[in-house]
Amino acid sequence: MTMGVTIRAAEERDVDGLAGLVEEIERFYGASEVQPFEERRAQVGEALFGSPPLACALVVEDADGDLAGLASYSFLWPAAGSTHSLFLKELYVRDGLRRQGVGARLMSELRTLAAARPGCSRVEWLTDRDNPRARDFYTALGFAELDGKIVYRVDSGGQGGQGGV
């Protein structure tokens, strides 16, 4: 276990550090170009602290007080019956802290947040089929992969797929 690592809710003072982590995440997934820092910073601030906020985040703060990871999430409704779920959108831990239990701590904290929220019946997330490290991580924590869902995605300017629906 890592000493001196704190996991806490993101605060407005974290926007710069979070914008930096978002760039790291983009590069981790293979992006060679990223949006300018100020644009990314504004989007992070609006998403987490706008009115209304679009998402929530937990941050990992290392012993030096620097942000070294995050878990971004939102609550979705409906889930089972009329309950809602905590949907984990991104889990990222800086390379120097990986394989030290930080990701497991983030997952545990997310489960605690979900359990403490009345009407929240589960935690859900996705990972890419071609990301064996992430799949191995979740399997090692005891989580089973589910079959049966197909993910669809369209850009916000679109009206459906090619030719429409």
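Enquirer: Hey, could you go over the packing of aromatic side chains for me, with residue numbers and the actual values?
Expert: In this structure the tally under the stated criterion is six aromatic pairs. Geometrically, the ring pair formed by Tyr73 and Phe75 is edge-to-face, given 5.9 Å between the ring centres and 90° between the ring planes. Judged by centre distance (5.1 Å) and plane angle (65°), the rings of Phe137 and Tyr138 are edge-to-face. Ring pairs connect the aromatic residues Trp125, Phe137, Tyr138 and Phe143, which therefore count as one cluster. The aromatic ring of Phe75 is capped on one face by Arg117, whose charged end is 3.9 Å from the ring centroid.

Enquirer: Lay out the pairing of strand E2 (residues 56-61) with the relevant residues and their values.
Expert: Within E2, five of the six residues are buried, which leaves it mostly tucked inside the rest of the structure. Sheet analysis places strand E1 (residues 6-9) next to E2, joined by four bridges and oriented antiparallel. When the sheet's bridge partners are listed, Ala9 is paired in E2 with Leu58. In this structure, E2 lies alongside strand E3 (residues 67-76), joined through six bridges in antiparallel fashion. In the strand pairing of E3, Val59 is matched with Leu70. The turn joining E2 and E3, which pair antiparallel and follow one another in sequence, is formed by five residues; a positive phi near 85° is taken by Gly65.

Enquirer: Which residues make up the pattern of salt bridges, and what values go with them?
Expert: As enumerated under the stated definition, the model contains eleven salt bridges in all. For Arg98, the salt bridge is made with Asp95, and the minimal N-O distance between the two is 3.2 Å. Close ionic contact of Glu145 with Arg135 constitutes a salt bridge, the shortest N to O distance being 2.6 Å. Placement of Glu145 in the segment after helix H4 (132-140) and of Arg135 in helix H4 is noted, with a sequence separation of ten residues between them. Of the residues examined, Glu145 reaches a relative accessible area of 47% and is grouped as partly exposed. Counted as one network, the salt bridges with shared partners bring together Arg8, Asp14 and Glu61.

Enquirer: Can you break down helix H1 (residues 15-28) residue by residue, with the values?
Expert: An ideal rise of 1.5 Å per residue puts 20 Å on 14 residues; H1 measures up with 20 Å between its terminal C-alpha atoms. Inspection of H1 places Val15, Leu18, Ala19, Leu21 and Ile25 among the buried residues, and these make up the whole buried set. Viewed along the axis of H1, the buried residues span an arc of 160°, placing them on a single side of the element. On the buried face of H1, the contacting elements are helix H2 (37-49), E2, E3 and strand E4 (84-93). Where H1 ends, the next residue or the one after it, Gly30, has phi of about 100°, a positive value.

Enquirer: I'd love a proper account of unusual backbone geometry, names of residues and values included.
Expert: In this chain, Ser51 is followed by Pro52 through a cis amide linkage whose omega measures 0°. Look at the link from Trp77 to Pro78: it is a cis peptide, with omega at -5°. Within the secondary structure, Pro78 sits in the loop between E3 and E4. Phi at Arg99 is positive, roughly 60°, even though this residue is not glycine. Relative to the helices and strands, Arg99 resides in the loop between E4 and helix H3 (102-116). You can call Arg99 exposed: its relative accessible area is 71%.

Enquirer: Give a detailed account of the environment of Ala114, specifying residues and quantitative values.
Expert: The residue Ala114 is located in helix H3 in this model. A relative accessible area of 4% means that Ala114 is categorised as buried. Taking the C-alpha atoms as reference points, Ala114 and Phe75, 39 residues apart in sequence, are found 9.0 Å from one another. Ignoring anything within four residues of it in the chain, the contact list for Ala114 reads Leu86, Cys120 and Val123.

What counts and what doesn't
Residues numbered from 1 in each chain as written. Predicted model: local features only at pLDDT ≥ 70, side-chain atom pairs only at ≥ 80, totals over all residues. Heavy atoms only, no water. Phe/Tyr/Trp six-rings, centres within 6.5 Å; stacked < 30°, edge-to-face > 60°. Lys NZ or Arg CZ within 6 Å of the ring centre and 35° of its normal. Buried < 20%, exposed > 50% of the residue type's maximum accessible area, 1.4 Å probe, protein only. Helix = DSSP H or I, 4+ residues; strand = E, 2+ residues; numbered from the N terminus. Pairing = 2+ DSSP bridges. Salt bridge = Lys/Arg side-chain N within 4 Å of Asp/Glu carboxyl O. Expected span 1.5 Å × (residues − 1). Arc of directions from axis to C-beta. Contact = heavy atoms within 4.5 Å.

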